[in-house]
There are 2 protein chains.
Amino acid sequence: MRARNPLNIGAAARAMSNFGFNSLRLVNPYKLAFRDARSAVGGSAVLKSAEEFGSVADAVADCTLVVGTTAVGQRSLQRPIEILGEPTARAVREHLQTGRVAMLFGSEKTGLSNDDFSHCQWLLRIPTSEQNISMNLGQAVAVCLYEIGRSAPCQSVTEVTPATAGDLEKITQCLMESLRLSGYVKPGTAELFEKKTRQLLLRMKLEAYDAKLLLGMVRQILWKLEQPGESNA
Amino acid sequence: MRARNPLNIGAAARAMSNFGFNSLRLVNPYKLAFRDARSAVGGSAVLKSAEEFGSVADAVADCTLVVGTTAVGQRSLQRPIEILGEPTARAVREHLQTGRVAMLFGSEKTGLSNDDFSHCQWLLRIPTSEQNISMNLGQAVAVCLYEIGRSAPCQSVTEVTPATAGDLEKITQCLMESLRLSGYVKPGTAELFEKKTRQLLLRMKLEAYDAKLLLGMVRQILWKLEQPGESNA
């Protein structure tokens, strides 16, 4: 990484830590920036063990795959530019099983140079909007490591017990009776309304727990509506 | 977004711009932070058009899906926590075809509160390393919007118009008042109950039509409960 701003070095280190990467290598960092970043409060283990190198060549010497990052789609260097996504992330992960992979990020102002690119097997572009392709360095690192760092696609496991039709019917009946007592149901429309209410409850796709909760509420309201002649307000 | 640091507000705006999102809403931002962020050199169009709101409820009122972000896997609120990835991103994109989606990000120090969470249909967690789950706010925004913003194929156009958060909040408030008048809400538990009720309504995933229907019912019941001292039975 060629970074000049200590905040960005710190941000990169934090993203690495977030996604389980630990070897941060800085190429010719501004001494002061690096020292500031390292001594920052809460500086992570990543930052503390970051290494300095005098050239990209030295920094990537022990890596078997070197991937450069770029915001632009076309560079003078003839090189395949891959778009960050699951296929590229998988390729990187596969590589990580047998060797070290270097991800190169440029300096904030100018990105990687053509010379830097010459060390790369391929180039990687984050699929940004064409209206604004220039990402903040720390955010670009976070996005790349998020994509590369995650394991196989995860789905969410939600253990839901749906409400039974019987539960729903109890709610429907209590609600209908409450609506009747409230004057919502006009004479002659009760049957139509009952269907409408039942359908409404079905569309809610309530879980068992929620059905119980809702029934409790409606029952209490109905009980109150049935109380004779006291002042409610 | 509840952000306190102008750099983070700026970083969030930049990531939004990078991934093609444009409506930034800030809940009670520190006036100074917001002004600083807005006037920053290179402040993007996103930042210039950012809006301020006094509460989460107001900020999400016109949204049909509200997603909260959290770093932790378990919260006291019983709520499905989804892991950021292609399936969740697809769900958000599908929703965007018919309505507005709010992505809630908390303040830097404390994240979202339980009260904030009570406005959310579901919660989203970025799959970070267990060793360091706490992400920088701007980086978290970038990662989420990268995943959601990319143009993966969208399936299934559903012909429903979901209810807005504002509609649901009206039902919540009427229902709460009805429950209060019915003696369902015990003194001292009102706040807890309001969250519980809001969540129940969110889980129903009501369509706009159904929300209107339900609001009409609850309003009528509430009106009846408010009538002084006549015999109801």
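Relevant structure appears above.
From a predicted model like this one, the values you see are computed outputs, not experimental measurements. (Residues numbered from 1 in each chain as written. Chains lettered and ligands numbered in written order. Predicted model: local features only at pLDDT ≥ 70, side-chain atom pairs only at ≥ 80, totals over all residues. Heavy atoms only, no water.)

Looking at the interface of chain B and chain A
Thinking step 1. Taken residue by residue, the interface counts 67 residues in chain B and 66 residues in chain A.
Thinking step 2. Carbon and sulfur atoms supply 60% of the area buried between chain B and chain A, which totals about 5400 Å² over both sides.
Thinking step 3. The residue Arg203(A) makes a salt bridge to Asp210(B) at a minimum N-O spacing of 2.4 Å.
Thinking step 4. Within the residue set of the side of chain B that touches chain A, elements represented by two or more residues are helix H1 (6-18), strand E4 (81-83), helix H5 (86-96), helix H7 (137-149), helix H8 (165-181), helix H9 (190-203) and helix H10 (208-226) of chain B.
Thinking step 5. Broken down by element, the side of chain B that touches chain A gets its largest block of residues, twelve residues, from H10(B).
Thinking step 6. Classifying every residue of the side of chain B that touches chain A gives 34 nonpolar, 21 polar and twelve charged. (Contact = heavy atoms within 4.5 Å. Buried area = accessible area lost by both parts, 1.4 Å probe. Salt bridge = Lys/Arg side-chain N within 4 Å of Asp/Glu carboxyl O. Helix = DSSP H or I, 4+ residues; strand = E, 2+ residues; numbered from the N terminus. Nonpolar A, V, L, I, M, F, W, Y, C, P; charged D, E, K, R; others polar.)

Structural notes on the sheet that holds strand E4 (residues 81-83) of chain A
All names here are of chain A.
Thinking step 1. Here we have four strands laid out as an open sheet, ordered E4-E6-E3-E5, and parallel in their pairing. In this open sheet, the two strands that pair with only one neighbour each are E4 and strand E5 (101-104). Neighbour-to-neighbour, the strand axes of this sheet turn through a mean angle of 30°, independent of strand direction.
Thinking step 2. Across four bridges, strand E3 (residues 65-69) lies against E5 in parallel orientation. What sits directly across from Leu 65, in E5, is Val 101.
Thinking step 3. Across the sheet, helix H5 (residues 86-96) is in contact with E3, E4, E5 and strand E6 (122-125); its angle to E6 comes to roughly 135°. (Pairing = 2+ DSSP bridges. Axes fitted to C-alpha atoms, helices over the stretch in contact; angles between N-to-C directions.)

Some remarks on helix H7 (residues 137-149) of chain A
Residues and elements named next belong to chain A.
Thinking step 1. For H7, spanning 13 residues, the distance from its first C-alpha to its last is 18 Å, which sits close to the expected 18 Å at 1.5 Å a residue.
Thinking step 2. Among the 13 residues in H7, twelve count as buried, and that is most of the element.
Thinking step 3. For H7, the full list of buried residues reads Leu 137, Gly 138, Gln 139, Ala 140, Val 141, Ala 142, Val 143, Cys 144, Leu 145, Tyr 146, Glu 147 and Ile 148.
Thinking step 4. Regarding H7, its N-cap is Asn 136, as a side-chain oxygen of that residue lies 2.9 Å from the backbone nitrogen of Gly 138 further along. (Expected span 1.5 Å × (residues − 1). Buried < 20%, exposed > 50% of the residue type's maximum accessible area, 1.4 Å probe, protein only. Polar contact = N/O pair within 3.5 Å; in protein donor to acceptor, adjacent residues only side chain to side chain.)

Let's talk about the sheet that holds E4(B)
Residue and element names in this part refer to chain B.
Thinking step 1. Read across the open sheet, the four strands follow the order E4-E6-E3-E5; overall the sheet is parallel. Where the open sheet ends on each side, the last strands, each with one partner, are E4 and strand E5 (101-104). Put simply, the sheet's adjacent strands are angled 30° from each other on average, direction ignored.
Thinking step 2. Relative to strand E6 (residues 122-125), strand E3 (residues 65-69) runs parallel, the two being bridged by three bridges. Bridging across to E6, Val 67 finds its partner in Trp 122.
Thinking step 3. Across the sheet, H5 lies against E3, E4, E5 and E6, angled at about 135° from E6, the strand it touches most.

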